[in-house]
Amino acid sequence: MKYRIGYSIKPLRTDDGLVIFTDGTNEIMPSEKSCVDYGYKWDRENGVCVIKNNTNTNVSAIISNGYNKILGRGNKTGGTVDNSIIAGEGNRFEGQNKNVFVNGNKNLVKSGVFNSSIVSGDDNCLVNDVNNSTIVSGVGAISIRDNETVIGGFYTDGLLRDAVAKPFTCQTSQFMMQLSLNDTTTLTSLYAANGDDFISVHSNSFIDFTAECMATGDGLSKFSSGILTGKVSVGSNGLPALQTSTYTHKANGGSNPFGAHTFYLSTSGSQLTIKTQGISSERVVFTASVKLTEVIHDSSIIL
């Protein structure tokens, strides 16, 4: 079959009623629009493309064969979803997702999410373009950062407090940041694993910030370590405001110790950053294991 005008994918083959598309190289699952435009039928319950007058009623079993495995009712996939597993009911994938695992109910995987998971829980969300992230458990947790682990989200619709309270969720997020310097330049931001030199924040939130920081150098023969803490509020405009920040030096050692090196928590515009400064002309690696305890108001607008 030829490509339709405006499309870079087309039907490749059928598998017991399920229609498999290709982009010329890979076998993929089409979106609802692509399916219908090529003259096939969209199975809304399972979120897949099937031939018209399909007599196979066990479409979920077909989906499990080599592409996605969907267990449960009311799960929906849009766009292209590859190599993913969904277990539960009412979960939704927006499309352009690959290698995603979801276990629970009414979870949302937004477009562009790769290599990520919701291990268990309900009403959780992996937002657009998040990669290599995991929501471990809970209800109403939201992952907005690459390479983070979110723990223990739970939310309320306000009825637990008073009749006019707004919805909110609370959660803990953990991830790593690092920087390598071989000079004594001005303050420089540490980098996340995806290359960002800042920490993404939720609008309408309050953050209790803790980072275990370390500087190592000279073949790991010397080090300096400490704890960076702070309180950050974020308004509806997404701009973080630093309320308090303290760095406490804990230890240093080695044959030629650095001494009490310092890390700083900083805000500028929409960015929250960890900064430090090079120590000497030798190569020094700076690392921070970051833990955020977050209270996020109006989180329901994301789900």
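Because the structure is predicted, anything quoted here is derived from the model rather than measured.

Trainee: Tell me about the side chain of Ser 205, residues and numbers included.
Mentor: Within the secondary structure, Ser 205 is located in strand 21 (residues 205-217). There is a polar contact of 2.6 Å between the side chain of Ser 205 and the backbone oxygen of His 202. Those residues in contact with Ser 205 that lie beyond four places of it in its chain are Val 232, Ser 233, Val 234, Val 295 and Ile 296.

Trainee: Go over the packing of aromatic side chains with me, naming the residues and quoting the values.
Mentor: Applying the stated criterion to the full structure yields 4 aromatic pairs. Ring geometry for Phe 21 versus Tyr 38: centroids 5.4 Å apart, planes at 80°, classification edge-to-face. Taken together, the positions of Phe 21 in strand 2 (residues 18-22) and Tyr 38 in the loop between helix 1 (32-37) and strand 4 (41-43) put the pair 17 residues apart, joining distant regions of the chain. Phe 21 gets classed as buried once you look at its relative accessible area, which sits at 0%. In this structure Tyr 38 comes out as buried when scored by relative accessible area, which is 9%. Ring centres of Tyr 247 and Phe 263 lie 5.6 Å apart, and the angle between their planes is 45°; on these two criteria the pair is classed as tilted. With Tyr 247 in strand 23 (residues 240-254) and Phe 263 in the loop between strand 23 and strand 24 (264-268), the pair connects residues that are 16 residues apart, well separated along the chain. Each member of the pair Tyr 247 and Phe 263 is classed as buried. The side chain of Arg 4 reaches across the aromatic face of Tyr 38, ending 6.0 Å from its centre.

Criteria and thresholds
- Per chain, residues are indexed from 1 in the order of the written sequence.
- Local features in a predicted model are, by the rule used here, given only for residues with pLDDT of at least 70; side-chain atom pairs are given and counted only at 80 or more, and totals for whole chains, interfaces and linings are based on all residues.
- The side-chain quantities take in all heavy atoms of the structure and omit both hydrogens and water.
- Secondary structure follows DSSP: runs of H or I at least 4 residues long count as helices, runs of E at least 2 residues long count as strands, and numbering of each begins at the N terminus.
- Think of a polar contact as two N or O atoms within 3.5 Å of one another; within protein, one of them needs to be a possible hydrogen donor and the other a possible acceptor, and neighboring residues in sequence only count if both atoms come from side chains.
- Whether two residues are in contact is decided by their heavy atoms, any of which lying within 4.5 Å being enough.
- Each Phe, Tyr or Trp ring (for Trp, its six-membered ring) is paired with any other whose centre lies within 6.5 Å, and the angle between the two planes then decides the class: stacked below 30 degrees, edge-to-face above 60, tilted in between.
- Exposed residues in this analysis have more than 50% of their type's maximum accessible area, buried residues have under 20%, and partly exposed residues fall in between, with area computed by a 1.4 Å probe over protein chains only.
- The criterion is that NZ of a Lys, or CZ of an Arg, lies within 6 Å of the ring centre and within 35 degrees of the ring normal, and then a charge sits over that ring.

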